[in-house]
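# Structural description and commentary
Now for the letters of each chain:
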Amino acid sequence: MTQNYLEKSKDFSKQIAAVMARNFGIKPEDATKAQIYRATCTVIRDILTSTRIDFKKTVRERNAKQVYYMSMEFLLGRSLKNHLFNMGIADVVAEAVGELGMTLDELYEFEPDAGLGNGGLGRLAAAYMDALTSCDYAASGFSIMYDYGIFKQVIADGWQLEQPDEWLKMGGVWLAPRLEEIYEVKFGGRLEERWENGHLKVTQHDHTSVLAVPYDMSISGYNTDTVNRIRLWSSKAPVDFDMTMFTKGDYVKAMSAKAMAESISKVLYPADDHIEGKSLRLKQQYFFVSASIQSIIKRHFKTNESLDNLADCVAIHINDTHPTLCIPELMRILLDDYGYSWDKAWDIVTHTVSYTNHTVMAEALEKWPQDLFQSLLPRIYQIVQEINQRFCGELWSFYPNNWDTVNHNAILGDGQVRMANLCLATSHTINGVSALHSDILKKDVFQDYYRMHPEKFTNVTNGITHRRWVCQANPGLSNMITELIGEGWKNDATELQGLLRYMGDGQVLDRLASIKRENKERLAKYILEHNGVTVNPDSIFDVQVKRLHEYKRQLLNALHILDLYLRIKENPNLDIVPRTFVFGAKAASAYYMAKQIIRFICTLGNVINNDPDVKDKIKVVFLENYRVTLAEIIMPAAEVSEQISIAGKEASGTGNMKFMINGALTIGTMDGANVEIHENVGDENMFLFGLLAHEVEELWRKGYNPTHYYQTNPTIKRLIDTLRAGLGGVQFSEIADSLTIGRHGTADGFMVLADFESYKQAQQKINDTYLDKQRWNRMSLVNVAKAGFFAGDRAVREYANRIWGLTPIQK
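Residues numbered from 1 in each chain as written. Predicted model: local features only at pLDDT ≥ 70, side-chain atom pairs only at ≥ 80, totals over all residues. Heavy atoms only, no water.

## Thoughts on the overall build of the protein chain
To keep things clear, this is the line we draw: By the criteria applied, helices consist of DSSP H or I runs no shorter than four residues and strands consist of E runs no shorter than two, each listed in order from the N terminus. The globule rule used for comparison is 2.2 Å times the number of residues to the exponent 0.38, while the radius of gyration itself is calculated over C-alpha atoms. The cut-offs for exposure are 20% and 50% of the maximum accessible area for each residue type, with area from a 1.4 Å probe on protein chains only; residues under the lower value are buried, those over the upper are exposed, and the others partly exposed. We get accessible surface area from the Shrake-Rupley algorithm with a probe of 1.4 Å; when it comes to residues, only the shown protein chains can shield them. Neither His nor the chain ends is counted toward charge; the positive residues are Lys and Arg and the negative residues Asp and Glu. Taken as the charge centre is NZ of Lys, CZ of Arg, CG of Asp or CD of Glu, depending on the residue.
Within the protein chain one finds 35 helices and 23 strands. For the protein chain, the C-alpha radius of gyration of 27 Å lies close to 28 Å, the compact-globule estimate for 811 residues. Projecting the C-alpha coordinates of the protein chain onto the three principal axes gives extents of approximately 90 × 75 × 60 Å. Residues counted as buried form 61% of the 811 residues belonging to the protein chain. With an accessible surface of roughly 30800 Å², the protein chain has 49% of that area assigned to carbon and sulfur atoms. Separation of charge centres in the protein chain, based on 89 positive and 100 negative side chains, amounts to 2 Å.

Right under this line is the structure:
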């Protein structure tokens, strides 16, 4: 606890009472539990706001450089518990709410997960804001205040159903409106060009205006008075209601402008398999970056007289391609609003903007139809045209007479606007998020541009908020670590290596196993309450939780479970260590095959869990609505971490790091950050399988034929035939076809069948290793000890030093 928070949290009960009187008009003894929650959060928010005012003052006095982190997602999870831990005042608040008849755990349950993200991309952004704050850097995040965010997942008869997640009802307490900083964002219309004093002036007429209303959310850091913020933009119409239309009897049109404007910030990632969805997504992206850039410019002028030194004071970071439009938007403002020449504006932008790529998947490198882009964003399109023309000239100079290479790397081509290429052309630094991923970017995905500018490329391996995933989610493990090696690891996670001294200490290993057992009991209780399935805490808890995508190969896991089941049916006395397979995953609403895989896993669970022949040797559980708060129960309980994507497709992963630091052992391919996990723990402390990235590429070049495995491997043939025949009365012919003959594309596009036998052998090795409990516990301890490299603190320091040029704000 800092002295600041110690002082400001004095008389916490009185502060709660004051909020209740002011906001609800009641005395504490008359408050409902929901009101106690709201009042407590309000007091915490006010303390953080007060502390942030002091921090901002210091930043402005020093004109310190700040990073502005642009991301369509910030998957924050719950805030209250995180703030209390970071501020060191959990005991103070527990005493205050205890006087009102509540516990902290009851209080925490009132808070929903902030619905601002989908998966690893958003969780990484949230982790970096936490780490930047904990490391005393000045930083702001920018995104959209989605009314519903990512959907609430419900599983009905094995099918995923999407329901709106009304997180703002109780989660909105953390948001502070900043109505003095509303900005206009313009869509469509026509352009008027004229020359003034040797400068081209472009104005937009007959456009549709949308107002961007900012809401700020404070971000606390561990044991520091640094407080940063995430600014979320809500879309509003300039006029809510058209009285003229209403008077004429056209009641729907009278409200249409309001409905259209507010649709922009309604939902995260609306389905885009139709033109309306594409249009809405493009509007979302321009809306949030335009408002954000305008806000950055306004803030810059509070301590600077011009934009000439913008790059000295501001770092703008693009988190994947979604915020790419901040590039032409900053150019637009410099050119049209401040009269800069093209060359000077370009110099400022290219020294200000950096880009993190998060994928090698071609479909995830965003591309927009040119006609849609031009009609929605006419001035931005003009600027992109000019950037493209100059960039193509640079390409032509480097690759003379090579039209194919120029076209492939052009920003505009084949009727599309290619956002990744725009990032490459503009950003001063481009980074991947694991050593393997960055290598693939240089040698494959962006190889042409890398040859032109190798100095721009670097790697920053992803990191996690180790304090959240151990100190908060796994207090038993946290306490044990602190007793053994002291408190220092909370600030410097590399100190976890001190645990290696205890590899041969039987008492420590037994205690580690006991902590894991308690966490497994907690997860087993959750599974019983939410799925109605009784699982054995003495079984191996084998977990795969992540976004559902075919390249992540949840299907490979499920096919191995099906094989185990069929083997048990043949031999009910099969000698295996009991195993509980846990899944959690959301599929994109329009991703049919992903939903089929969820249905297959759920059906598999229903059949296995109710078959008396299985005798509880295996259980299969699909936990619906996977989210950060649920992960905080799952990660500490996991013993096997499934990181089984096809090699060369997973950029990094961060779930693998969270499992690792909680003592789970990885079964995985040499993909993403698994490679660096392997470098840290070695072959002997994880379970590797599968083709390597270069072997995958070589097999594709030779001509991958998955039917070969069906014809030559009896196990695979039986599995595919079972899918077609049906399981539990449900046929999965479409999954079988996708693996053998193809559905709308390449058969077995992620080589599930090619890696199946190797995966099966690794799973058998897990079974055999688990029989030696001391060995297993020693492997677990090594994973915890070696996880320090994957702390978010290390990652943001690398960004700050090598990309953004930031220094900590020393108090």
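On we go.
## Regarding the pattern of salt bridges
In plain terms, the rule: By definition, a salt bridge exists where a carboxyl oxygen of Asp or Glu is found within 4 Å of a side-chain nitrogen of Lys or Arg.
Taken as a whole and assessed by the stated rule, the structure comprises 45 salt bridges. Note that Lys 8 and Asp 54 form a salt bridge whose closest N and O atoms lie 3.9 Å from each other. Here Lys 8 is found in helix 1 (residues 3-8), whereas its partner Asp 54 is found in helix 3 (residues 33-62), with 46 residues between them in sequence. Note on Asp 54: relative accessible area 45%, which makes it partly exposed. The shortest N-O distance in the salt bridge between Asp 611 and Lys 569 comes to 2.9 Å. Residue Asp 611 is found in the loop between helix 25 (592-609) and strand 20 (618-622), and its partner Lys 569 is found in helix 24 (residues 554-570); the two are separated by 42 residues along the sequence. In this structure Lys 569 comes out as partly exposed when scored by relative accessible area, which is 35%. Via salt bridges that share partners, Arg 178, Glu 181, Asp 216, Arg 229 and Arg 231 belong to a single interconnected network.

## Considerations on the sheet that holds strand 15 (residues 416-418)
Our working rule: In this analysis, strands are considered paired if DSSP registers two or more bridges between them. By the convention used here, residues are in contact when the closest approach between their heavy atoms is within 4.5 Å. Only the stretch in contact is used when a helix axis is fitted, and all axes are lines through C-alpha atoms; the angle between N-to-C directions ranges over 0 to 180 degrees.
Taken in spatial order, the three strands of this open sheet run 13-15-14, and their pairing is antiparallel. Each having just a single partner strand, strand 13 (367-369) and strand 14 (412-413) make up the two edges of the open sheet. Bridging between strand 14 and strand 15 involves two bridges; their strand directions are antiparallel. Opposite Leu 412, over in strand 15, you have Val 417 as the bridge partner. Across the sheet, helix 18 (residues 419-426) lies against strand 13 and strand 15, angled at about 45° from strand 15, the strand it touches most.

## Things to note about the packing of aromatic side chains
For clarity, the cut-off: Two aromatic rings, drawn from Phe, Tyr or Trp (for Trp, its six-membered ring), form a pair once their centres lie within 6.5 Å of each other, and the interplanar angle then sorts them: stacked below 30 degrees, edge-to-face above 60, tilted otherwise. The criterion is that NZ of a Lys, or CZ of an Arg, lies within 6 Å of the ring centre and within 35 degrees of the ring normal, and then a charge sits over that ring.
This model, assessed by the stated rule, comprises 26 aromatic pairs. Each ring, one from Phe 398 and one from Tyr 399, has its centre 5.0 Å from the other, and the planes form 70°; the classification is edge-to-face. Joined through ring pairs, the aromatic side chains of Tyr 69, Phe 74, Tyr 128, Tyr 799 and Trp 804 make up one cluster. The ring centre of Phe 789 lies 4.3 Å from the NZ or CZ of Arg 794, which sits over that ring.

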